[in-house]
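Given next are the chains, with one letter for each unit.
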Amino acid sequence: LIARSEYNDVIRLTSGAAIAPGANDPHKDALVHLALAINTQSEMFNKGGNFLGAMNPGFKANPLAWLGQSVSIYADADPFWKKLENNDKAEEFMEKNWHQLPVALHCEVKNSLGLVGFLTTLRAYADQTAPGMTRWENKEHNGQAYVKVRGSEALAEGELGQASIYYAVTPKSLVVTLNEPLLKRAIDRSRAGDKGTEIPPWLGTNVCL
């Protein structure tokens, strides 16, 4: 029954790949952490790469060839959740503060040079299609470079003008988030490695929560 249901797409995407032990930055501060194995030879993955390639001819071959065998999304413990819990108008609070969500996308990287090329082309594409609408700022935390992408002054008064996207590239990962303190914590964990930490084991190889 499972193989004949909506799970079929997930099966095709994840079969042949595995979530490695310790991959995707498992950590105690994560309230929710969802990891998904990605078979980069699967039909669905190749369709995604072909779509990006068709959208921007600047991408070479498969623009997602840098991606490793898994990706994850996690939400960290953060004062944001207590503010949401204590607010009588939770929906209104989310509408005004969504740009501070302590949630991150973590991608396993097998080719860091390929990722750099992908991000460079993506930035050039954004500047070409919407000139002057975004600002890219190089920043640093504990010796690790990261990037802040924000809207220009023309967007400052709109909802999107409140948000900034932060991302960091390491030899093994790409982390993307709206929450800068979360990114800094991820950088600290990446630089510390496994020293003095107890890594919760993944209890599966294809999809883990």
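Residues numbered from 1 in each chain as written. Predicted model: local features only at pLDDT ≥ 70, side-chain atom pairs only at ≥ 80, totals over all residues. Heavy atoms only, no water.

Enquirer: Can you lay out the pairing of strand S5 (residues 144–151) for me, pointing to particular residues and giving the numbers?
Expert: The buried count for S5 comes to 6 of 8 residues, which makes it a mostly enclosed element. As paired strands, strand S4 (residues 134–141) and S5 are joined by 8 bridges and run antiparallel to one another. Looking at the pairing, His 141 lines up with Gln 144 of S5. As judged from the 4 bridges shared by S5 and strand S6 (residues 164–169), these two strands associate in the antiparallel manner. Opposite Val 149, over in S6, you have Ile 165 as the bridge partner. (Buried < 20%, exposed > 50% of the residue type's maximum accessible area, 1.4 Å probe, protein only. Helix = DSSP H or I, 4+ residues; strand = E, 2+ residues; numbered from the N terminus. Pairing = 2+ DSSP bridges.)

Enquirer: Describe the packing of aromatic side chains, and please don't skip the residues or the numbers.
Expert: This structure, assessed with the given rule, holds 3 aromatic pairs. Pairing Trp 66 with Phe 118 gives two aromatic rings, centres 5.7 Å apart and planes at 40°, and the pair type is tilted. Linking Trp 66 in the loop between helix H2 (43–55) and strand S2 (67–76) with Phe 118 in helix H5 (residues 112–129), this pair joins segments that are 52 residues apart in sequence. In this pair, the class of Trp 66 matches that of Phe 118, namely buried. Each ring, one from Phe 80 and one from Trp 81, has its centre 5.2 Å from the other, and the planes form 90°; the classification is edge-to-face. Residue Phe 80 is classed as buried on the basis of its relative accessible area, which comes to 3%. Given a relative accessible area of 25%, Trp 81 falls into the partly exposed group. Taken together, Phe 80, Trp 81 and Phe 93 form an aromatic cluster joined through their ring pairs. (Phe/Tyr/Trp six-rings, centres within 6.5 Å; stacked < 30°, edge-to-face > 60°.)

Enquirer: Quick rundown of the sheet that holds S4? Include the residues and the values.
Expert: What the 8 strands build is an open sheet, ordered S4-S5-S6-S7-S3-S2-S1-S8; its pairing is antiparallel. Each edge of the open sheet carries a strand with a single partner, namely S4 and strand S8 (207–208). Sheet topology places S2 next to strand S3 (residues 103–109); 6 bridges connect them, and they run antiparallel. Looking at the pairing, Val 71 lines up with Cys 107 of S3. Packed onto the sheet, H5 meets S3, S4, S6 and strand S7 (173–177) and runs at close to 145° relative to S4. (Contact = heavy atoms within 4.5 Å. Axes fitted to C-alpha atoms, helices over the stretch in contact; angles between N-to-C directions.)

Enquirer: How would you sum up the side chain of His 33? Please name residues and give values.
Expert: Relative to the assigned elements, His 33 resides in strand S1 (residues 30–37). His 33 sits in the buried class, given a relative accessible area of 9%. One polar contact links His 33 to Ser 72, side chain to side chain, over a distance of 3.1 Å. Residue contacts for His 33: discarding those within four places in its chain leaves Asn 24, Asp 25, Pro 26, His 27, Ser 72, Ile 73, Tyr 74, Trp 202, Cys 208 and Leu 209. (Polar contact = N/O pair within 3.5 Å; in protein donor to acceptor, adjacent residues only side chain to side chain.)

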